[in-house]
Amino acid sequence: MSQIHSPIADAWTPAQLQAVIDAHRLMPGAMLPTLHAIQDRFGYIPDAAVPMIAEALRHTRAEVHGIISFYHHFRTHPPGRNVIQICRAEACQSVGSRQLEAHARQRLGIDYHQTTPDHEYTLEPVYCLGNCACGPSVRVNDDVMGRMTPEQFDELTDELSATVVEVK
Amino acid sequence: MAITVYVPRDTTALALGADRVATRLERGARARNIDINIVRNGSRGLFYLEPLVEIETPEGRLAYGPVTPKDVDSLIEAGLLEARQDHPLALGLTEEIDYLKRQQRLTFSRIGITDPVSIEDYTTLRGFEGLKKTLALDSQAVVDEVKTSGLRGRGGAAFPTGIKWQTVHDQPPGQKYVVCNADEGDSGTFADRLVMECDPYLLIEGMTIAGLAVGAEQGYIYLRSEYPLAHAILDNAIERAVAAGYLGDNILGSDRAFHLEVRLGAGAYICGEETSLLESLEGKRGLVRAKPPLPAIEGLFGRPTVVNNVLSLAAIPFIMDQGGQTYADYGMGRSRGTLAIQLAGNVQRGGLVELAFGTSLRELMEGFGGGTHSGRPLKAVQVGGPLGAYLPESQWDNPVDYEGFAAFGGVVGHGGVVMFDDSIDMGDQARFAMEFCSVESCGKCTPCRIGAVRGVEVIDRIRAGDAAEKNLVLLTELCETMVDGSLCAMGGMAPFPVQSVLQHFPDDLTPRQAVMAGGTTC
Ligand SMILES: Cc1cc2nc3c(=O)[nH]c(=O)nc-3n(C[C@H](O)[C@H](O)[C@H](O)COP(=O)(O)O)c2cc1C
Ligand code: SF4
Ligand code: FES
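Residues numbered from 1 in each chain as written. Chains lettered and ligands numbered in written order. Predicted model: local features only at pLDDT ≥ 70, side-chain atom pairs only at ≥ 80, totals over all residues. Heavy atoms only, no water.

Put simply, the test is: UniProt positions are given in the numbering used here, feature names are shortened, and annotations may be inferred rather than shown by experiment.
Chain B goes by NADH-quinone oxidoreductase subunit F in an unreviewed UniProt entry, where it is assigned to Kushneria avicenniae. Recorded in UniProt for chain B, the comment headed Sequence similarities (unreviewed entry) runs: "Belongs to the complex I 51 kDa subunit family."

Under an unreviewed UniProt entry, chain A has the name NADH-quinone oxidoreductase subunit E and belongs to Kushneria avicenniae. Per its UniProt entry, chain A bears the Sequence similarities (unreviewed entry) comment "Belongs to the complex I 24 kDa subunit family."

Quick look at the structure:
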């Protein structure tokens, strides 16, 4: 089985944030690459990054906030150890994704955009993963899985819960 | 000599366990002291057979599928590695599989055959021939060849590609850009992904040709963040192409330059709209720009820019290699060449079907698709993504072409065909169309931003039996306001699925179906 990379990463320090920002500031259209790099590294975009990005890329803080909130991908809170995305789009609906969504919410005890109290799981909606001939589709961190039934979802979460956190 | 075994590595094959299949094959062969060489090829796009394992033989490749990890041992026992064909999963020669054999693969001629990142595999199958011919021509001749092909944009709007290129070509020299729209947001579509994951040099070659034709030295691929595997494969392929001299400052010793970079989107459907995409590439919120100016004149960073879909650009190498007329010889009416149809949703045999324009939907859904996956009767099909109408059976005999579809209010769009069986409640689908628009609207204009939210509320009231008659009238008017008053096709077309439900499946949108839709918070 392919390795599951957990998106949760190190806690950040201002110096680390600044280093990531500096590494991208000279790119044309640096904003999205910068935000991606921060989220990839730290799992989310900490509030403290906003004034630093604003300063580096000559924007107002309000503009940076506006950009972060425009894009569904960017998070401003630390996610759980596993981010589970369930495809809500039409092709998956046609093969039962609505039931899968309901099952996942109930099983994890959280709604979309929430994280379980033990920080194991964050649940997010997604609109198509490009696996539309073999849905319902689910993405766990960077792995896409197809033909997901509620039973398989339970097996998956059992397996994930049993995985020991990898120390980097 | 080692036996060559192919195990695909595209997202769908992996989603169905291809990595575990490969591991078990390796283990099984080792246990029997058989020397095998596993190649991780792309997918042929026959998703109903994935993971599709192939064995190289002197007669050609023999296929087995769909192979789950737990089938591997029994397959090896039944002589998989000796290419025996006794196992129930044996499919014979891959090239002879009916679903594949009946296709006309011009753009997708290589997918699933090659190792996606091997330049050698690519060039063995005519890769970079189109680029070489381009380098020998002047830029106007290249634009003319694309015009001759009759190619129209595959991203949705079907605008003639050659004319777009001409506009950018004719702008005064200076900084120009080629931007590939790889946002592929439509549900039911995966053809862009297949190009990027299974034949990435095809896109690189197509973009380089575009750059040479219009005088642009910088290209960006705007890729949706939902495609991490395509991202990794593209980055790898670009790096190798630079190293091999197909990209960079001196393409194949011609002294001409083209540079290419992948930029990630961030989960916003509207960023597939070309002006929103450009805003996003510039680092802003993806607010749609009013046109004019056209991106071809004032595009990225205010400079002339070609924005083309992955499939439009991926059609170019064939056109330059085989000639625009050869491409134009396929198709019907003003829809020339081939269309990548993507059979998705509740379908028995889902996958990619590349055919000349003109095949009927019924032939696609039944002849290729084999009907529904559930085995229940087909009820509706949504063609052209979330902004496309739901088509009832009376419209399934229409041939797929741009003008023909437009005539009855259909949308070919990016070629996604999403099938639904009779268990679907079309009221749910109408509600979702409005909900999706409310989640994904860029917010710039009122009919779309507010209209979509109202649309969900009104549909909920109708279904709850709350002044249903009055609210049905309101819904009809709301749809018209959105269609007429929205700045872009997001708000302008989001009502299409709703209107099609009102027209063709009215029983599903009445108080008799008085179940609350059970919406979700987004
Ligand atoms: C809401 C909306 C979403 C769109 N999404 C995409 C997309 O994901 N991919 C794409 O290529 N075109 C998309 N388009 C069409 C683009 O605006 C544009 O027409 C296309 O990129 C031009 O390339 P082409 O001429 O090669 O098709 C979308 C349009 C709208 C209105
Ligand atoms: S129609 Fe919707 S998505 Fe398009 S510009 Fe208006 S608000 Fe934005
Ligand atoms: S609609 Fe779910 S993967 Fe495309």
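**Quick word on the pairing of strand S7 (residues 218–223) of chain B**
All names here are of chain B. Spelled out, the test is: In this scheme, a residue with accessible area under 20% of its type's maximum is buried, one over 50% is exposed, and one in between is partly exposed, where area comes from a 1.4 Å probe on protein chains only. The numbering of helices and of strands both runs from the N terminus, where a helix is a DSSP run of H or I of at least 4 residues and a strand a run of E of at least 2. A pair of strands is treated as paired once DSSP finds two or more bridges between them.
Most of S7 sits inside the fold, with six of its six residues counted as buried. With six bridges joining them, S7 and strand S8 (residues 259–264) adopt parallel strand pairing. In the sheet register, Tyr 222 faces S8, and the bridge partner there is Arg 263.

**Re the sheet that holds strand S2 (residues 36–39) of chain B**
Residues and elements named next belong to chain B. What counts, and what does not: Where helices are involved, their axes are fitted lines through C-alpha atoms of the stretch in contact, as for all axes, and angles between N-to-C directions lie from 0 to 180°. We call two residues contacting when some pair of their heavy atoms lies within 4.5 Å.
Spatial ordering of the open sheet is given by S2-S1-S3-S4-S5, a layout of five strands whose pairing is mixed. The sheet terminates laterally at S2 and strand S5 (90–93), the two strands that pair on one side only. Ignoring strand direction, the axes of neighbouring strands in this sheet form an average angle of 25°. Seen against the sheet, helix H2 (residues 18–31) touches strand S1 (3–6), S2 and strand S3 (53–57) and runs at an angle of roughly 175° to S2.

**Some details on a positive patch on the surface**
Applicable threshold: To count toward a patch, a residue needs a relative accessible area over 30% and no salt bridge; like charges are then connected within 9 Å, while nonpolar side chains (Val, Leu, Ile, Met, Phe, Trp, Tyr) are connected within 5 Å. To measure how exposed things are, a 1.4 Å probe is used in the Shrake-Rupley method; for residues, cover is taken only from the protein chains shown. The rule for a salt bridge is simple: a side-chain nitrogen of Lys or Arg has to be within 4 Å of a carboxyl oxygen of Asp or Glu. In this tally, Lys and Arg are treated as positive and Asp and Glu as negative; His is ignored, and so are the chain termini. Working definition for charges: the position is that of NZ of Lys, CZ of Arg, CG of Asp or CD of Glu.
Taken together, B:Arg20, B:Arg24, B:Arg27 and B:Arg30 make up a surface patch of like positive charges. Topologically, B:Arg27 is positioned in helix H2.

**Observations regarding the interface of chain A and chain B**
The test is simple: Put simply, buried area is how much 1.4 Å-probe accessible surface two parts lose in total, over both of them, once they are put together. Pairs of N or O atoms are called polar contacts if they sit within 3.5 Å, as long as, within protein, a hydrogen donor faces a hydrogen acceptor (for residues adjacent in sequence, only side-chain-to-side-chain pairs).
Contact residues are listed per partner, giving 44 residues for chain A and 66 residues for chain B. Here chain A and chain B share an interface that buries about 4100 Å² over both sides, 57% of which is from carbon and sulfur atoms. In terms of surface lost to chain B, no three residues of chain A exceed A:Phe70, A:Glu90 and A:Tyr127, which account for 16% of the buried area on that side. Our enumeration of links across chain A and chain B arrives at one salt bridge. B:Glu435 is the partner of A:Arg88 in a salt bridge, and the nearest nitrogen-oxygen pair spans 3.1 Å. Summed over the shared surface of chain A and chain B, the result is 23 residue pairs in polar contact (both at pLDDT 80 or more).

**Here's the deal with the side chain of A:Glu90**
Relative to the assigned elements, A:Glu90 resides in helix H5 (residues 90–93). With no salt bridge to any partner, buried A:Glu90 finds its closest opposite charge in A:Arg98, at an N-O distance of 8.1 Å. Once you skip the residues sitting within four places of it in the chain, A:Glu90 turns out to touch B:Ser187, B:Gln382, B:Pro386, B:Tyr390, B:Val418, B:Phe420, B:Gln429 and B:Phe432.

**Digging into the site of ligand 1**
Residues and elements named next belong to chain B. Which entries qualify depends on this criterion: We define proximity as follows: a residue is near a molecule or strand when any one of its heavy atoms falls within 4 Å of that partner. Residue type decides the class: Asp, Glu, Lys and Arg count as charged, Ala, Val, Leu, Ile, Met, Phe, Trp, Tyr, Cys and Pro as nonpolar, and the leftover types, Gly among them, as polar.
Around ligand 1 sit 20 residues in total, of which Gly 155, Asn 181, Asn 308, Asn 309 and Ser 312 are the nearest. In this structure, an oxygen atom belonging to ligand 1 sits 2.8 Å away from a side-chain N or O atom of Asn 308. Coverage of ligand 1 by the protein chains reaches 91% of its 610 Å² of free accessible surface. Listed by contribution, the elements that provide at least two residues to the shell around ligand 1 are strand S9 (305–309) and helix H20 (489–493). When the residues that make up the shell around ligand 1 are grouped by side-chain class, the tally is six nonpolar, eight polar and six charged.

**Some thoughts on the packing of helix H1 (residues 14–24) of chain A against helix H2 (residues 31–42) of chain A**
Residue and element names in this part refer to chain A. Condition: Throughout, a crossing is termed right-handed when the near helix is turned clockwise from the far one, and left-handed when it is turned anticlockwise from it by less than a right angle.
Running from N to C, H1 and H2 cross one another at 145°; their axes reach a closest spacing of 9 Å. In this structure, the crossing between H1 and H2 has a hand that is right-handed. On H2, the residues that touch Gln 16, Leu 17, Val 20, Ile 21 and His 24 of H1 are Pro 33, Thr 34, Ala 37, Ile 38, Arg 41 and Phe 42. The class makeup of the residues in the contact of H1 with H2 is seven nonpolar, three polar and one charged.

**Description of the sheet that holds strand S4 (residues 138–140) of chain A**
All names here are of chain A. Pairing is mixed across the open sheet formed by five strands, whose spatial order is S2-S3-S1-S4-S5. What marks the edges here is a single partner per strand, and that holds for strand S2 (114–115) and strand S5 (143–145). Examined bridge by bridge, S4 and S5 share three bridges and lie antiparallel to one another. Within S5, the residue paired with Arg 139 across the bridge is Val 144.

**Notes on the confidence of the model for chain A**
Put simply, the rule reads: The predictor's confidence in any single residue is recorded as pLDDT, a number from 0 to 100.
A residue-level look at chain A finds 91% of positions with pLDDT of 70 or above and a mean pLDDT of 92. Taken as a whole, residues 1–5 of chain A scores under 50 in pLDDT and shows eleven contacts with residues more than four places along the chain or in a different chain.

**Examining the environment of B:Ala314**
Residue and element names in this part refer to chain B. Topologically, Ala 314 is positioned in helix H13 (residues 310–322). The class for Ala 314 is buried, based on a relative accessible area of 1%. It is 11 Å that separates the C-alpha atoms of Ala 314 and Gly 130, two residues lying 184 residues apart in sequence. In this view, Ala 314 contacts Thr 107, Val 195 and Leu 202; residues no more than four positions away in its chain are not counted.

**Some details on the nonpolar core**
Residues and elements named next belong to chain B. So the rule is basically this: Take the buried Ala, Val, Leu, Ile, Met, Phe, Trp, Tyr and Cys residues and link them wherever side-chain atoms come within 4.5 Å; each set so joined is a nonpolar core.
Core analysis: the biggest nonpolar cluster contains 155 residues, and Trp 165, Leu 203, Ile 221 and Leu 223 have the highest contact counts within it. Apart from residues lying up to four places away in sequence, Ile 221 is in contact with Cys 180, Ala 182, Leu 203, Met 207, Leu 234, Leu 260, Glu 261, Val 262 and Arg 263. Core analysis: the second largest hydrophobic core is formed by 32 residues, Leu 46, Leu 355, Phe 368 and Trp 396 among them.

**Observations concerning the UniProt feature "binding site: [2Fe-2S] cluster" (unreviewed entry) in chain A**
UniProt annotation of "binding site: [2Fe-2S] cluster" (unreviewed entry) refers to A:Cys87, A:Cys92, A:Cys128 and A:Cys132 when read in the numbering used here. In terms of the greatest pairwise C-alpha distance, the residues named above, spread along 46 residues, form a tight cluster of at most 9.5 Å across. For A:Cys128, the location among the structural elements is in the loop between strand S3 (121–126) and S4. Excluding residues that lie within four positions of it along the chain, A:Cys128 makes contacts with A:Cys87, A:Ala89, B:Gly185, B:Asp186, B:Ser187, B:Gly188, B:Thr189, B:Arg224 and B:Glu226. Checked against the element boundaries, A:Cys132 lands in the loop between S3 and S4.

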